[in-house]
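Understanding the architecture of this molecule
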Amino acid sequence: GLKGMAAYTEHAANLGKENLEIYSFVYEALAATLDDSLTADALVALTLRTGEFGVKAMALLDEANTSRFGNPEITQVSLGVRGNPAILISGHDLTDLEQLLQQTEGTGVDVYTHSEMLPAHYYPAFKKYSHFVGNYGNAWWQQVTEFESFQGPILFTTNCIVPPKSEAVRARIFTTGSSGFPGCTHIVVDANGVKDFSAIIAMAKTLPAPQELETGSIVGGFAHQQVLARADTVVAAVKSGAIKKIVVMAGCDRR
């Protein structure tokens with residue numbers, strides 16, 4: 001729970017949003033892992049508080065993302081590819097994505113999302129970039145095969161890296177922020193909060209365009225504002241029996 005909380009609060013901090021209560025709890029909970037005197041009841045209580053602060057971390061990240069990039073909108077996302085060289089970006093850090101899109105604009109290099117970065121397509125601020133093409137691939141653990149067929153460089157902004165099978169793929173992986181992997185190039189931020197992605201862009205121009213995995217599109221963007229705007233319709237459909245079951249899915253295992 002703390003690992004996820006740390007990732008989301010870091011992404012929020014990168015957008016200028018912080019909650020000192022969350023940081024204090026992280027210190028408290030980490031210290032508790034070294035306290036062998038805690039009873040089972042005390043540990044269960046601590047786990048429940050971890051969930052409580054996890055919700056606060058999610059709310060903080062939501063505020064950071066929506067205040068900067070707008071509220072997510074219901075959107076069709078392309079699953080196909082174009083014939084241009086391309087960069088694949090994964091993770092949750094929308095600041096990194098914004099800088100990558102700004103630096104690739106007009107270069108002839110397309111940008112595709114992978115796995116956890118898929119929701120970026122729903123934010124209004126990113127829809128102005130014509131080279132922000134679509135989503136490539138599926139669950140994070142399928143990257144071992146999908147990175148082979150993508151053929152271009154991959155940027156990780158959050159650490160869900162599966163050890164690549166080949167050195168050729170490893171050489172195409174770049175990391176930034178808290179993510180990292182042995183043998184992969186790491187990009188750091190300068191004193192002004194800017195990251196230089198020129199090395200990724202230069203590599204992309206030398207490599208083939210992605211091989212197509214699938215065609216068509218998927219629809220997403222059902223964030224809380226969109227759902228609440230349609231609450232009356234949804235409630236009426238539940239009452240009439242048109243909607244018989246609602247399934248809540250959490251995590252990043254599949255899109």
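Note that the structure is predicted; figures quoted are calculated from it, not measured. (Residues numbered from 1 in each chain as written. Predicted model: local features only at pLDDT ≥ 70, side-chain atom pairs only at ≥ 80, totals over all residues. Heavy atoms only, no water.)

**Details of a nonpolar patch on the surface**
- A cluster of nonpolar side chains, Ile 74, Val 219, Phe 222 and Val 227, forms an exposed patch at the surface whose accessible area comes to about 350 Å².
- Locating Val 219 in the fold gives a position in strand β8 (residues 217-220). (Patch = residues over 30% accessible without salt bridge, like charges linked within 9 Å, V, L, I, M, F, W, Y side chains within 5 Å. Areas by Shrake-Rupley, 256 points an atom, 1.4 Å probe, with all protein chains shown as cover. Salt bridge = Lys/Arg side-chain N within 4 Å of Asp/Glu carboxyl O. Helix = DSSP H or I, 4+ residues; strand = E, 2+ residues; numbered from the N terminus.)

**Remarks on unusual backbone geometry**
- Unlike most non-glycine residues, Ser 115 shows phi in positive territory, near 55°.
- Within the secondary structure layout, Ser 115 lies in the loop between β3 (110-114) and β4 (132-135).
- One non-glycine residue, Gln 151, adopts positive backbone phi at about 75°.
- Tracing the backbone through its elements, the reader meets Gln 151 in the loop between α5 (143-150) and β5 (154-156).

**Regarding the layout of surface pockets**
- Taken as a whole, the second largest pocket holds about 190 Å³ of empty space.
- Contributing to the lining of the second largest pocket are 16 residues, with Asn 14, Asp 93, Asp 96, Val 189 and Lys 195 lying nearest its centre.
- At the level of secondary structure, the elements contributing two or more residues to the lining of the second largest pocket comprise α1 (2-14) and α4 (94-104).
- Residue composition of the lining of the second largest pocket, grouped by class: 3 nonpolar, 9 polar and 4 charged. (1 Å grid on protein atoms, 1.4 Å probe; cavity = no way out; pocket = protein on both sides within 12 Å on 5 of 7 lines; lining within 4 Å. Points joined across faces, edges and corners; volume = space filled by probe spheres on them. Nonpolar A, V, L, I, M, F, W, Y, C, P; charged D, E, K, R; others polar.)

**Some points on the packing of aromatic side chains**
- Applying the stated criterion across every chain, the model contains 8 aromatic pairs.
- With a centroid separation of 6.4 Å and an interplanar angle of 75°, the aromatic rings of Tyr 112 and Tyr 136 are classed as edge-to-face. Of the two residues, Tyr 112 sits in strand β3 while Tyr 136 sits in the loop between β4 and α5, which places them 24 residues apart along the sequence.
- Classification of Tyr 112 as buried rests on a relative accessible area of 0%.
- Using a relative accessible area of 1% as the deciding quantity, one classes Tyr 136 as buried. (Phe/Tyr/Trp six-rings, centres within 6.5 Å; stacked < 30°, edge-to-face > 60°. Buried < 20%, exposed > 50% of the residue type's maximum accessible area, 1.4 Å probe, protein only.)

**What to know about the sheet that holds strand β6 (residues 173-176)**
- The 6 strands lie next to each other as β4-β3-β2-β5-β6-β7, forming an open sheet whose pairing is parallel. Here the strands that pair on one side only, and so sit at the sheet edges, are β4 and β7 (185-187). Between one strand axis and the next, the sheet turns through 25° on average, direction left out of account.
- The pairing of β6 with β7 spans 3 bridges and is parallel. Bridge pairing in β7 places Thr 176 opposite Ile 187.
- Against the sheet, α4 touches β2 (86-90), β3, β4, β5 and β6, its axis set at about 170° to β2. (Pairing = 2+ DSSP bridges. Axes fitted to C-alpha atoms, helices over the stretch in contact; angles between N-to-C directions. Contact = heavy atoms within 4.5 Å.)

**So, empty space enclosed by the protein**
- Considering all chains together, one arrives at 1 cavity of 30 Å³ or more under this definition.
- By volume, the largest cavity amounts to about 50 Å³.
- Taken together, Gln 143, Val 144, Phe 147, Glu 148, Val 162, Pro 164, Lys 165 and Val 169 make up the lining of the largest cavity.
- Residue contributions to the lining of the largest cavity peak at 4 residues, all from α5.
- Counted by class, the lining of the largest cavity contains 5 nonpolar, 1 polar and 2 charged residues.

**Points about the pairing of β3**
- With 5 of 5 residues buried, β3 lies mostly within the body of the structure.
- Going residue by residue along β3, you find Asp 110, Tyr 112 and His 114 tucked away on one face and Val 111 and Thr 113 tucked away on the opposite face as well.
- In terms of strand pairing, β2 meets β3 through 5 bridges, oriented parallel. By the bridge assignment for β3, Ile 89 is matched with Thr 113.
- With α4 bridging β2 and its parallel neighbour β3, the resulting β-α-β unit is right-handed.
- Of the pairings in the sheet, the one linking β3 to β4 comprises 3 bridges and is parallel in character. Bridge pairing in β4 links Val 111 to Phe 132. (Right-handed = clockwise from strand over helix to strand, strands pointing away.)

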